[in-house]
Amino acid sequence: MDTNPENGELGLLRSIRHRANQFQGRGGVRLGIGDDCALLRPRPGEELAVTTDLSLAGRHFRLDWHPAEAVGHRTLARGLSDLAAMGARPVAAFLSLGVPRDLTLAGAGSPSWVDRFLNGFFDLANACKTPLAGGDLAESPLALADIVLVGAVPRGRALLRSRARPGDLLYVTGSLGGAAAGLALLAQNGEKPGRAAPPMNARNEFPELLRPHFYPQPRIAQGEWLRRRRLATAALDVSDGLSTDLAHLCQESGVTAVVEADWLPRAEAASLAQALHGGEDYEILFTARPNARIPGLISGVAVTRIGRIEDHAPGKPLVSLATGCTIEPLPAQGWEHFSHEG
Ligand SMILES: [Mg+2]
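Thresholds, definitions, all that
- All residue numbers refer to position in the chain's written sequence, counted from 1.
- In view of the model being predicted, local features appear only for residues whose pLDDT reaches at least 70, and side-chain atom pairs are presented and counted only at 80 or more, with totals across whole chains, interfaces and linings using the full set of residues.
- No hydrogens and no water enter the side-chain calculation; it runs on all heavy atoms of the structure.
- Any nitrogen, oxygen or sulfur atom within 2.8 Å of a metal ion counts as a donor, with the limit raised to 3.2 Å for Na, K and Ca, and since water is left out, coordination shells can look unfinished.
- What counts as a helix is a DSSP run of H or I of at least four residues, what counts as a strand is a run of E of at least two, and both are numbered from the N terminus.
- The buried label goes to any residue with under 20% of its type's maximum accessible area, the exposed label to any with over 50%, and the partly exposed label to all in between, with areas taken from a 1.4 Å probe on protein chains only.
- For a helix, the expected span equals 1.5 Å multiplied by the residue count minus one.
- Following DSSP output, two strands are said to pair if at least two bridges run between them.
- Working convention: axes come from line fits to C-alpha atoms, limited for helices to the stretch in contact. Angles between N-to-C directions cover 0 to 180 degrees.
- In what follows, a contact means two residues having at least one pair of non-hydrogen atoms within 4.5 Å.
- Convention used here: a crossover is right-handed provided that the path from the first strand, over the helix, to the second strand proceeds clockwise when the strands point away from the viewer.
- To qualify as a nonpolar core, a set must consist of buried Ala, Val, Leu, Ile, Met, Phe, Trp, Tyr and Cys residues joined through side-chain atoms within 4.5 Å.
- For every residue, the pLDDT score states the predictor's confidence, bounded by 0 at the bottom and 100 at the top.
- Angle categories: roughly parallel below 35 degrees, roughly antiparallel above 145, roughly perpendicular from 65 to 115, and oblique for all the rest.
- It is the rotation of the near helix from the far one that decides the hand of a crossing: anticlockwise by less than a right angle makes it left-handed, clockwise makes it right-handed.
- Think of it as three bins: nonpolar holds Ala, Val, Leu, Ile, Met, Phe, Trp, Tyr, Cys and Pro, charged holds Asp, Glu, Lys and Arg, and polar takes everything else, Gly as well.

The next point concerns the coordination of the magnesium ion. At this site the magnesium ion is bound by D82 (OD) and D237 (OD), with donor distances of 2.0 to 2.1 Å. Note that D82 is positioned in helix 2 (residues 68–86) and D237 in strand 8 (residues 234–237), a separation of 155 residues in sequence. Looking at D237, the relative accessible area reads 3%, which means it is buried.

Written out as structure tokens, the structure is:
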């Protein structure tokens, strides 16, 4: 243990508890950090949605590429996006952190990596009204963050990926490929010898192009809106890339899909391949009956029709891509970044 208690595990736990308990009584947490368990109290008639997600240094983020704040934000965003895809309201988050000791140490006048991680984490938690109700902290040779998210949804009303029907139209929120375009920029810059990654400007800011990758916005409000209005027949979040996630939706629903290449809302600087296969955009992909009135904007985020759902037939590809009058199979080639690296 460090001689300065504020630098050690105890000090860190105290600071996390202080920041977390500012939320107590909100979001469905009756008792937060401090006892053996948290007590959660969903509203009458609700059921709970639970998701878990593991982020590993070297696999999901790199200490030399990603600002600590962005790692904290992304850890929570990944879990919140799963709740959004089910139309669930966030109730509570549980965070387990494993970090090498040097990442817990503050420098002269500069916060530790863990403090900066928590800044990013709590900024998003506040914005999405998600209380941190528990977790764990341990020294580890590798930095890792494990997040559990609990959400609530009226009984029997969660948006499922298994309910798409032939004739449905296919929609996506926001834009696609932005995270992949940012990651490509990071990788490009990281390969140049002697160059720091991420690339910073003179004011020590990262380029705006990296924002979708560093700070993806979970579509909580949009998911809840779709669930309340009963407009979506099926939904899931685009975490692994459109081609991969749409194949999941088709598989679970027993249908096929056709995507119109020209209709895709491509993020700035994103190529067609990045929009089709790039992961970590955390947009909601959903289907709706052809007569459903889907607005062009939900809670300030654009919604774009990108294709249609068709029936399943022997030999028919799960997902096809239409470009002008040509149509060809679209294999699932979701982004598996860092999988080839240490
Ligand atoms: Mg998901």
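Moving on to helix 2. Counted at 1.5 Å a residue, the expected span for helix 2 with its 19 residues is 27 Å, and the 28 Å between its end C-alpha atoms agrees. Counted residue by residue, helix 2 has 16 buried out of 19 residues, so it is predominantly covered.

Moving on, we come to the sheet that holds strand 4 (residues 89–99). The four strands are arranged 3-6-4-5 in an open sheet whose pairing can be described as mixed. Where the open sheet ends on each side, the last strands, each with one partner, are strand 3 (46–56) and strand 5 (132–139). The sheet shows a mean angle of 10 degrees between the axes of neighbouring strands, direction not considered. Pairing of strand 4 with strand 6 (residues 144–154) involves nine bridges; the strand directions are antiparallel. Residue G98 lies in a different strand from strand 6, and its bridge partner there is L144. In the packing of helix 2 onto the sheet, the strands contacted are strand 3, strand 4 and strand 6, and the crossing angle to strand 6 comes to about 25 degrees.

It is worth spelling out the pairing of strand 4 at this point. With respect to burial, strand 4 is a largely interior element, nine of its eleven residues being buried. Of the pairings in the sheet, the one linking strand 4 to strand 5 comprises seven bridges and is parallel in character. Directly across from A93, in strand 5, lies its bridge partner L132. After leaving strand 4, the chain enters helix 3 (residues 113–127) and then returns to the sheet as strand 5, a path that is right-handed.

Pairing of strand 7 (residues 169–173) with strand 12 (residues 301–310) involves five bridges; the strand directions are antiparallel. In the sheet register, V172 faces strand 12, and the bridge partner there is T304. Pairing of strand 9 (residues 256–260) with strand 12 involves four bridges; the strand directions are antiparallel. Residue pairing in the sheet places V259 in a bridge with G307 of strand 12. Sheet topology places strand 11 (residues 297–298) next to strand 12; two bridges connect them, and they run antiparallel. Each bridged residue has a counterpart across the sheet, and for I298 the counterpart in strand 12 is V301. Adjacent in sequence and paired antiparallel, strand 11 and strand 12 are bridged by two residues, among which S299 carries a positive phi angle near 45 degrees.

Counting 51 residues, the largest nonpolar core has L76, L95, W113, F117, F121 and F286 as the members making the most contacts within it. Ranked by residues supplied to this core, first place goes to helix 3 with eight residues. If we ignore the near neighbours within four places in the chain, the residues touching F117 are A68, E69, V71, G72, T75, L95, L97 and A145. In this structure, A234, L246, C250 and L276 belong to the second largest nonpolar core, which totals 25 residues.

Below, the discussion takes up the confidence of the model for the protein chain. Taken as a whole, the protein chain shows an average pLDDT of 91; of its residues, 92% reach a score of 70 or greater. Here residues 338–342 scores under 50 on pLDDT; set against residues more than four positions off or in separate chains, the count is eleven contacts.

Running from N to C, helix 2 and helix 3 point in directions that differ by 40 degrees, and their axes come no closer than 6 Å. Classified by the angle their axes make, helix 2 and helix 3 are oblique. The handedness of the crossing between helix 2 and helix 3 is right-handed. Contact residues: A68, E69, V71, G72, H73, T75, L76, A77 and L80 in helix 2; W113, R116, F117, N119, G120, F121, L124 and A125 in helix 3. Considering only residue class, the contact of helix 2 with helix 3 consists of ten nonpolar, five polar and two charged.

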